[in-house]
Amino acid sequence: MTITDTRLLSVFDEIHKTRSVSRAAEALGLGQPAVSVALAKLRRHFGDPLFVRTSAGMEPTPLGEELLGPIRTALDAVGEALGRRSLFEPTLSERRFRICMTDISQLVILPKLWSQLRATAPGVRIEVLPLASAGNTAQLLETGAADLAIGFMPQLDAGFYQQVLFRQHYVVLASADHSRIRAGLDLEQFQTEDHVVFTTAGTGHQIIDQELARQGIRRRIALTIPNFLGAAFAIERTNLLMIIPRRLGELLRGRGEFSIFPLPFPMPDYAVKQHWHERYHHDHGNRWLRIMISELVSEDMGTLPNI
C-alpha cells in the first residue's frame, strides 16, 4: 500500500496527541470504527503496531515515535500546498478545546467563558487540564494535546506566543470571624499570626517567598496545601491567614465568610497570560478562542472595586 490518503496521516497524528482512538475520532469528526480501520491500514503498511494500549492510554512504539516528525511535516506541507486551512465557524463547530488552567483561572475565568460559549458556539466543548510544571505544559502545547495554557509561566520561552490577560495583585485573606483581626492588618500581626501557604503551579507564589526573604519579613507557616480551594475552606473556619491573588479574594469574599486586607508591605504584581505554541498561532479555532478569552477578561476587569 502506498500512503497517499492524508486522512491516515491525520489519524496517526491525532492518536499520538490524544493517546486514544475514541478521542482521536471525536477530534477528527469521524466515527470510531473509521479511525480503527485507518489505524489498521497504517499498521499493515509499516508492519508495526505503532500504538499499544497501556494504563496511560495508547502509547507509541519506538517506530511510532520516530514517524511523528515526518508525518507532521507531511501534513503541514500538504496543508500549505492545498490551501487546506479552513475558516472556523463557531456556531457549527463541535471542536473540543483543551485548556491548561490553575484552580484560580477555573474559578475566575471559566464560568464566564462557558456562558459565552453556550451563547455563541453551543457545539464547542472545553476540557480543562491541570496547569503542571512549565516543562509538562510546554510539551502539551507543542504536541497539540492542549490548545492554550493560562497562568504565570515565565519559563515558557522559544516557540511560544503569549498575551497578557491581566496583572495580578496580592491581598491577605482571613476569616470574617477572625478573633484578632477586624479593622485592618499591620506588619506585626502579619508576622505573629499563622499562615496557609499554597504551592499551585502557574500562580506566581514564588514571588511571595522571594519578596518576603528580600524584605526580611517573617511568615509563620502552619499549613501547606497544593490548591486554593482547600486553603480557602481552612481559612473560613480558622484564624489562619493566606496571601492570595486579589481577583480570587474578591470572588471568595462575595461567596463566603471572608475578609480581605491589603498587604502591610509592598509586593510586586505579576502578569497572568495565555500561552500557545507557534504551530497553532494561525489556527482559526485557536485564534477565535484566544480572542474570546481576552475580551471576556477585559470586560471583567472593570467590575473589580479597589480595596
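Here's a quick rundown of the structure. As the structure is a prediction and not an experimental result, all values here were calculated from the model.

## Details of the overall build of the protein
Helix and strand content of the protein: twelve helices and twelve strands. Its C-alpha atoms give the protein principal-axis dimensions of about 75 × 40 × 30 Å. Counting across all 307 residues of the protein, residues that qualify as buried make up 48%. Counted over contacts in the protein with a minimum sequence separation of 6, partners at least 24 positions apart contribute 76%. Split by element, the accessible area of the protein, about 15200 Å² in all, is 52% carbon and sulfur.

## As for the sheet that holds strand S3 (residues 96–101)
Across a sheet, strands are paired by hydrogen bonds formed along the backbone, either parallel or antiparallel in direction. A sheet is described by the order of its strands in space; here five strands give the open sequence S4-S3-S5-S12-S6, paired in mixed fashion. Only two strands of the sheet have a single partner each, and these edge strands are strand S4 (125–130) and strand S6 (160–168). Each neighbouring strand pair of the sheet contributes to a mean axis angle of 20 degrees, computed without reference to strand direction. Where S3 meets S4, six bridges bridge the pair, whose relative direction is parallel. Bridge pairing in S4 places Ile99 opposite Val128.

## Re the nonpolar core
Ile99, Phe190, Met242, Trp288 and Ile293 are the most contacted members of the largest nonpolar core, which totals 58 residues. For this core, the element with the highest residue contribution is helix H12 (residues 284–301), accounting for six residues. With sequence-adjacent residues up to four places away left out, Met242 is seen in contact with Val171, Val172, Leu173, Val196, Phe198, Phe228, Ala231, Ala232 and Ile235. One finds Val11, Ile15, Leu42 and Leu50 within the second-largest nonpolar core, a separate group that totals 19 residues.

## Thoughts on the environment of Ser259
With respect to the helices and strands, Ser259 occurs in strand S11 (residues 258–262). Residues Ser259 and Ile181, 78 residues apart in the sequence, show an inter-C-alpha distance of 9.4 Å. Other than its neighbours up to four places away in sequence, Ser259 contacts Val172, Leu173, Ala174, Ser175 and Ala176.

## Things to note about the side chain of Asp48
Position of Asp48 among the secondary structure elements: in the loop between helix H3 (32–46) and strand S1 (51–54). The side chain of Asp48 is buried and forms no salt bridge, while Arg43, the nearest opposite charge, is found at 7.3 Å. Side-chain polar atoms of Asp48 contact the backbone nitrogen of Leu50, separated by 2.8 Å. Apart from the residues lying within four places of it in its own chain, the contact partners of Asp48 are Arg43, Thr61 and Leu63.

What counts, and at which threshold
Residues numbered from 1 in each chain as written. Predicted model: local features only at pLDDT ≥ 70, side-chain atom pairs only at ≥ 80, totals over all residues. Heavy atoms only, no water. Helix = DSSP H or I, 4+ residues; strand = E, 2+ residues; numbered from the N terminus. Buried < 20%, exposed > 50% of the residue type's maximum accessible area, 1.4 Å probe, protein only. Contact = heavy atoms within 4.5 Å. Areas by Shrake-Rupley, 256 points an atom, 1.4 Å probe, with all protein chains shown as cover. Pairing = 2+ DSSP bridges. Axes fitted to C-alpha atoms, helices over the stretch in contact; angles between N-to-C directions. Core = buried A, V, L, I, M, F, W, Y, C linked by side-chain atoms within 4.5 Å. Lys, Arg positive; Asp, Glu negative; His and termini not counted. Salt bridge = Lys/Arg side-chain N within 4 Å of Asp/Glu carboxyl O. Polar contact = N/O pair within 3.5 Å; in protein donor to acceptor, adjacent residues only side chain to side chain.

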